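# Tertiary structure, described
Read off the chains here:
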Amino acid sequence: MRRVVTAALAALFFAIVTTGTAWATPPGIPSPSTAAARLDTLTVASESHQSTYDRALFPHWITISGTCNTRETVLKRDGSGVVVNSSCAPTSGSWYSPYDGATWTAAGDVDIDHMVPLAEAWRSGAWAWSTAQRQAFANDLNGPQLWAVTDNVNQQKSDQDPSTWQPSLPAFRCAYASAWIQVKWTYGLSLQSSEKTALQNMLASC
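Residues numbered from 1 in each chain as written. Predicted model: local features only at pLDDT ≥ 70, side-chain atom pairs only at ≥ 80, totals over all residues. Heavy atoms only, no water.

### Quick notes on the overall build of the chain
Scanning the chain from N- to C-terminus turns up 8 helices and 7 strands. Each of the 206 residues in the chain was classed as buried or not, and the buried ones make up 43%. Here the analysis covers contacts within the chain between residues at least 6 apart in sequence; of these, 71% occur between residues at least 24 apart. Counting every atom, the chain has about 9,500 Å² of accessible surface; 53% of that belongs to carbon and sulfur. (Helix = DSSP H or I, 4+ residues; strand = E, 2+ residues; numbered from the N terminus. Buried < 20%, exposed > 50% of the residue type's maximum accessible area, 1.4 Å probe, protein only. Contact = heavy atoms within 4.5 Å. Areas by Shrake-Rupley, 256 points an atom, 1.4 Å probe, with all protein chains shown as cover.)

Spelled out as structure tokens, the structure:
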């Protein structure tokens, strides 16, 4: 009975997260069970090519529509009451950062985080991609790769994987793990053994 109740509560929480009832979120976050199944299909391997990484190898932010680039598009998508000027720069609105629970009313306090950091992707297989593939990855609006979060939290995360960095809000770690797995699964990226263990532990909290 306890397992059934726990599963039901986890499903309810996940529904709130993914439907945007609590806050706006990127699309395509899988359920914990789907994420767990996809995690098991990922290749476990040591990272490589770390010394050859260059952020410029992942062109961003690109123009998405009109005068709006990827960053501005995410700010409009995930913010509340966002108003932009003719250059698509936000002039007002508010943004909730699910990583730390903070709400911001100045776009300058918000970074667009790559769920799977560009350097992490490079070490996990993106070194072999074409520039076009890396550009698509860095500007992906179709999955849970881009998140509007507190700027200094994003900087603290840097290029770390879940074995060394996780959101400070424990309640969000289930969604975070599911989103991380989805991105790696979508792009066929590998993961380290310690990273897989951390993700399994995060999913166990769902």
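### Quick word on the confidence of the model for the chain
Residues at a pLDDT of 70 or more form 89% of the chain, whose mean pLDDT is 91. Here residues 1–22 scores under 50 on pLDDT; set against residues more than four positions off or in separate chains, the count is 17 contacts. (pLDDT = per-residue confidence, 0-100.)

### Here we look at the state of the cysteines
Inspection of the entire model under this criterion finds 2 disulfides. Two residues share a disulfide in this structure: C68 and C88, whose sulfurs sit 1.9 Å from each other. Taking the sign of the S-S torsion, 85° for the link of C68 and C88, the bridge is right-handed. Taken together, the positions of C68 in strand β2 (residues 68–69) and C88 in the loop between β3 (80–84) and β4 (90–97) put the pair 20 residues apart, joining distant regions of the chain. Overall, C68 belongs to the buried group, its relative accessible area being 10%. You can call C88 buried: its relative accessible area is 1%. Here C174 engages in a disulfide with C206; their sulfurs sit 2.0 Å apart. Residues C174 and C206 are joined by a disulfide whose S-S torsion is about 105°; by sign, that bridge is right-handed. Separated by 32 residues along the polypeptide, C174 in helix α7 (residues 173–187) and C206 in the segment after α8 (193–203) bring together distant segments of the chain. (Disulfide = S-S within 2.5 Å.)

### Digging into the sheet that holds strand β5 (residues 102–104)
Spatially, the 3 strands line up as an open sheet ordered β3-β4-β5, and their pairing is antiparallel. The open sheet has two free edges, formed respectively by β3 and β5, since each of these has just one partner strand. Looking at each pair of strands side by side, their axes are set apart by 20° on average, direction ignored. In terms of strand pairing, β3 meets β4 through 3 bridges, oriented antiparallel. Residue pairing for β4: V84 is matched across the bridge by P90. Packing against the sheet, helix α3 (residues 70–78) makes contact with β3 and β4, and its axis sits at approximately 145° to β3. (Pairing = 2+ DSSP bridges. Axes fitted to C-alpha atoms, helices over the stretch in contact; angles between N-to-C directions.)

### Description of helix α2 (residues 32–39)
Regarding α2, the residues found buried are P32, A35 and L39. For α2, the arc enclosing every buried residue in end-on projection is 60°, short of the 170-degree limit, so these residues lie on one face. (Arc of directions from axis to C-beta.)

### Examining the packing of α2 against α8
Here α2 crosses α8 at 160°, and the two axes come no closer than 11 Å. When the interaxial angle is binned, α2 and α8 end up roughly antiparallel. Judged by the twist between their axes, the crossing of α2 over α8 is left-handed. The residues of α8 that touch α2, namely those facing P32, A35, A36 and L39, are K196, L199, Q200 and L203. For the contact of α2 with α8, the residue count by class is 6 nonpolar, 1 polar and 1 charged. (Parallel < 35°, antiparallel > 145°, perpendicular 65-115°, else oblique. Left-handed = near helix turned anticlockwise from the far one by under 90°. Nonpolar A, V, L, I, M, F, W, Y, C, P; charged D, E, K, R; others polar.)

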